[in-house]
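# Descriptive structure summary
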Amino acid sequence: MDTTINMLDSCKPCNNNVGSPSQNGTASIQNAHTPSLASPDATLGRHLAHRLVQIGINDVFSVPGDFNLTLLDHLIAEPGLNNIGCCNELNAGYAADGYARARGVGACVVTFTVGGLSVLNAIAGAYSENLPVICIVGGPNTNDFGTNRILHHTIGLPDFSQEVQCFKPVTCFQAIVNNLEDAHELIDTAISTALKESKPVYISISCNLAGIPYPTFSREPIPFALSPRLSNNMGLEAAVEATAAFLNKAVKPVMVSGPKLRVAKACEAFVELADACGYPLAVMPSAKGLVPENHPHFIGTYWGAVSTAFCAEIVESADAYLFAGPIFNDYSSVGYSLLLKKEKAIIVQPDRVIVANGPAFGCVLMKDFLRALAKRLNRNTTAYENYSRIYIPDGVPLKSEPKEPLRVNVLFQHIQNMLSSETAVIAETGDSWFNCQKLKLPAGCGYEFQMQYGSIGWSVGATLGYAQSVPNKRVIACIGDGSFQVTAQDVSTMLRCGQKSIIFLINNGGYTIEVEIHDGPYNVIKNWNYTGLVDAIHNGQGKCWTTKVFCEEELIEAIEMANEAKKDCFCFIEVNVHKDDTSKELLEWGSRVSAANSRPPNPQ
């Protein structure tokens, strides 16, 4: 069994394998050194910094404040750890989210309460997406705890617990480090818990502790080890036996991957199962990019009424379907309108298997289950053969007339041609969800979006963090104008970091996804001169190129420039389209979600 502690069975491109199996079966952190005697460098701050580097973090995203300044001094003094100063805490959190998607873990550093509550929304998003983000907060001086004093950056009460109380629902562990005796234990427990649970953690460090040497810290700390999670062998065998019996008697079974493949580290096992059984392979929308789309039996995205063409027909007409790591919410189910039946479904969660209306098996790890099941299933290609018979290749957008106003489907036809193993796509909440979902990802092309939480503006910070974590890829971000207005500032940080991402700013004059759910004057926004804004942020410092496009001819020229003469620049392309130019999928999805939202109350 794989025992590494980070992105070990990685579901996304990852350039830093941080864990390696040890001989005793536990997982230890690489690059460990023999501990030295306590020295002036053996401080709490340097211990935390070294731990972050050990688990694969080379960049922390921060906003300085008086409670975290000394801590930041010690973090930036650590070789291999780079501080990325962000324009606001929300974007620092989104950047740590994006970083964790590619690297396996991320970190942000903010100040007490005003910083902590600002980053809270981003941490909630990371929690919903099962991302291990380490949120570090500079806390009050140790002498102020329990004194009934009122501090600045608080709500004016002597109780300092407000911040941690807010973080409890959106983190899996909270460490309040306000003494040196248990600081080592709390920090290590928090980090290991984040990695084991694949959820964010909160670490508050009193502002007067970061620079103090203490005997429990060594300049080169001994690596901690994580015991590997193991399946219950009897439960595993029973689950496999029941599932194999169920699927082997089916005539046209299918398999669908869900977003929890990532947290289960089961992407490779899922593909191995697909190779063995011959079933058609689909993905839920939030799982796009987790399995290779060049697999010979890949049939697209299963998203109910807005699925890839011919995909829903095959999935919903199957007499058995295996869902690995699904999340069925109102958005992924298109307003609870999926045509699925529980008695036909095998639901495989990260540590649990449910067979139709029958038995459920706990303490069974998804990765173990899928690999064992691959050895027990009869090969059955009936459903895929049915798909091959009904499949008709995608059409292409109508050819544009000379200087005709640009259409969104033409834009994404050209974005499709930009994709390669050296690119990654970031899709913002909105119509980009649907247009990017239709992109066909080449092998090795990254793909990320935030479907469960759906916080508009997420993509700006996520683009910053993702690009910082995988500098060998060029990130292509598709962002609507309304979302960009929420978090635009950290284009500045992308320029400071010398990133070469391409942002397509889709300017259609408002919150189009909200218009299709429920229209109103509140969905119209003030139009900005977006390229002018980015030029002002650039201010002649760094490599930046901007342009506006209104027709296909201008788009072709812009993409050619971004890919060739400006390939080493940050490129910002403002795409102006009609306010009602949306994907057909958004029109369908919006009406169904609107119907779900407007259901009347049940009779009392």
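Residues numbered from 1 in each chain as written. Predicted model: local features only at pLDDT ≥ 70, side-chain atom pairs only at ≥ 80, totals over all residues. Heavy atoms only, no water.

### Side note on the UniProt feature "domain: Thiamine pyrophosphate enzyme TPP-binding" (unreviewed entry) in the chain
The UniProt record marks residues 451-575 with the feature "domain: Thiamine pyrophosphate enzyme TPP-binding" (unreviewed entry), using the residue numbering of this structure. This span, residues 451-575, is 42% helix and 20% strand, and a straight line between its end C-alpha atoms measures 24 Å. (UniProt positions renumbered as here; feature names shortened; annotations may be inferred. Helix = DSSP H or I, 4+ residues; strand = E, 2+ residues; numbered from the N terminus.)

### Topic: the confidence of the model for the chain
Counting all residues, the mean pLDDT for the chain is 91, and 92% of those residues have values of 70 or more. Here residues 1-10 scores under 50 on pLDDT; set against residues more than four positions off or in separate chains, the count is 45 contacts. In this model residues 13-37 is a low-confidence stretch, pLDDT under 50, and it forms 74 contacts with partners more than four residues away in sequence or in other chains. (pLDDT = per-residue confidence, 0-100. Contact = heavy atoms within 4.5 Å.)

### Details of the packing of helix α13 (residues 408-416) against helix α20 (residues 552-563)
Contact geometry for α13 and α20: axes closest at 11 Å, N-to-C directions at 25°. Regarding the angle of α13 to α20, the classification is roughly parallel. When you trace α13 past α20, the crossing you get is right-handed. Side by side, α13 and α20 meet where V410, L411 and H414 of the first sit next to E552, L555, I556 and I559 of the second. Along the lines of polarity and charge, the residues of the contact of α13 with α20 split into 5 nonpolar, 1 polar and 1 charged. (Axes fitted to C-alpha atoms, helices over the stretch in contact; angles between N-to-C directions. Parallel < 35°, antiparallel > 145°, perpendicular 65-115°, else oblique. Left-handed = near helix turned anticlockwise from the far one by under 90°. Nonpolar A, V, L, I, M, F, W, Y, C, P; charged D, E, K, R; others polar.)

### Side note on the pairing of strand β6 (residues 133-139)
With 7 of 7 residues buried, β6 is to be regarded as a mostly interior element. Burial along β6 is two-sided: V133, C135, V137 and G139 and I134, I136 and G138, pointing in opposite directions, are all buried. Where strand β5 (residues 106-111) meets β6, 6 bridges bridge the pair, whose relative direction is parallel. Bridge assignment links A107 to a residue of β6, and that residue is I134. (Buried < 20%, exposed > 50% of the residue type's maximum accessible area, 1.4 Å probe, protein only. Pairing = 2+ DSSP bridges.)

### Details of the environment of I203
Within the fold, I203 resides in strand β8 (residues 201-206). By relative accessible area, which is 0% here, I203 ends up buried. Sequence-wise, I203 and G138 are 65 residues apart; in three dimensions their C-alpha atoms are separated by 8.6 Å. Beyond its immediate stretch of four places on either side in the chain, I203 contacts I134, C135, I136, V137, A175, V177 and A190.

### Things to note about the pattern of salt bridges
Taken as a whole, this structure holds 19 salt bridges when the rule is applied. Ionic pairing is found between E237 and R376, a salt bridge with its closest N-O pair at 3.2 Å. Here E237 is found in helix α7 (residues 233-248), whereas its partner R376 is found in the loop between α11 (366-374) and α12 (382-390), with 139 residues between them in sequence. Judged by relative accessible area, E237 falls into the partly exposed class, the value being 38%. Of the residues examined, R376 reaches a relative accessible area of 34% and is grouped as partly exposed. E585 serves as the salt-bridge partner of K438, at 3.0 Å between the closest nitrogen and oxygen. Linking K438 in the loop between α14 (431-437) and β18 (446-449) with E585 in helix α21 (residues 584-597), this pair joins segments that are 147 residues apart in sequence. For E585, a relative accessible area of 8% translates into the label buried. Among the charged side chains, a network of salt bridges with common partners joins D97, R101, E129, R262 and E448. (Salt bridge = Lys/Arg side-chain N within 4 Å of Asp/Glu carboxyl O.)

### Some thoughts on the sheet that holds β5
Here 6 strands make up an open sheet; going across it, the order is β4-β3-β5-β6-β8-β7 and the pairing parallel. The open sheet has two edge strands with one neighbour each: β4 (82-85) and β7 (174-177). Across the sheet, the mean angle separating the axes of adjacent strands is 20° when strand polarity is ignored. Here helix α1 (residues 44-54) sits on the sheet in contact with β3 (59-62), β5, β6, β7 and β8, set at roughly 170° to β6.

### Brief notes about the nonpolar core
F61, I123, F484, I503, F570 and F572 are the most contacted members of the largest nonpolar core, which totals 57 residues. In this structure, this core is formed jointly by two domains, domain 1 (44-217) and domain 3 (408-590), each of which donates at least three residues. Residues contacting F572, with those up to four places away along its chain left out, are F484, I503, L505, Y530, T531, V534, W545, T546 and T547. If you look at the next biggest cluster of nonpolar residues, it comprises 43 residues, including L439, W545, L555 and L586. (Core = buried A, V, L, I, M, F, W, Y, C linked by side-chain atoms within 4.5 Å. Domains from an automatic or database assignment.)

### Focus: the environment of A462
With respect to the element layout, A462 can be found in helix α15 (residues 458-469). Residue A462 is classed as buried on the basis of its relative accessible area, which comes to 0%. Along the sequence, A462 and Q450 sit 12 residues apart, while their C-alpha atoms lie 9.6 Å from each other. Ignoring sequence-local partners within four residues, the contact set of A462 consists of Y94, A95 and G98.

### Focus on the domain arrangement of the chain
Segmenting the chain into domains produces domain 1 (44-217), domain 2 (233-390) and domain 3 (408-590). Computed from C-alpha coordinates alone, the two centres of domain 2 and domain 3 are separated by 32 Å. Residue-level contacts link 16 residues of domain 2 with 17 residues of domain 3. Approximately 1500 Å² of surface area, both sides summed, lies buried where domain 2 meets domain 3, with 64% of it carried by carbon and sulfur atoms. For the domain 2 face of the interface with domain 3, the top three residues by lost area are K288, W303 and Y331, together amounting to 40%. At the boundary of domain 2 with domain 3, the tally comes to 1 salt bridge. Note that R262 is salt-bridged to E448, the shortest N-O span being 2.9 Å. The interface formed by domain 2 and domain 3 includes 8 residue pairs in polar contact (both at pLDDT 80 or more). (Buried area = accessible area lost by both parts, 1.4 Å probe. Polar contact = N/O pair within 3.5 Å; in protein donor to acceptor, adjacent residues only side chain to side chain.)

### Some details on the side chain of N88
You can see N88 is positioned in the loop between β4 and α3 (89-103). Overall, the relative accessible area of 17% leaves N88 in the buried class. Among the polar contacts made by the side chain of N88, one reaches the main-chain amide nitrogen of L90 at a distance of 3.2 Å. A polar atom in the side chain of N88 sits 2.8 Å from the backbone nitrogen of N91. In contact with N88, not counting residues within four places along its chain, are V63, Q489 and D490.

### As for the packing of aromatic side chains
Tallied over the entire structure, the rule returns 23 aromatic pairs. Ring plane angle 85° and centroid distance 5.8 Å describe the contact between F67 and F112, whose orientation is recorded as edge-to-face. Placement of F67 in the loop between β3 and α2 (69-76) and of F112 in the loop between β5 and α4 (114-128) is noted, with a sequence separation of 45 residues between them. Residue class for F67 comes out buried when judged on its relative accessible area of 6%. The buried category is assigned to F112, whose relative accessible area is 4%. Taking the centre distance of 6.1 Å and the plane angle of 70° together, the rings of F310 and Y391 count as edge-to-face. Within this pair, whereas F310 is found in the loop between β12 (298-301) and α10 (311-316), its partner Y391 is found in the loop between α12 and α13, the two being separated by 81 residues in sequence. (Phe/Tyr/Trp six-rings, centres within 6.5 Å; stacked < 30°, edge-to-face > 60°.)

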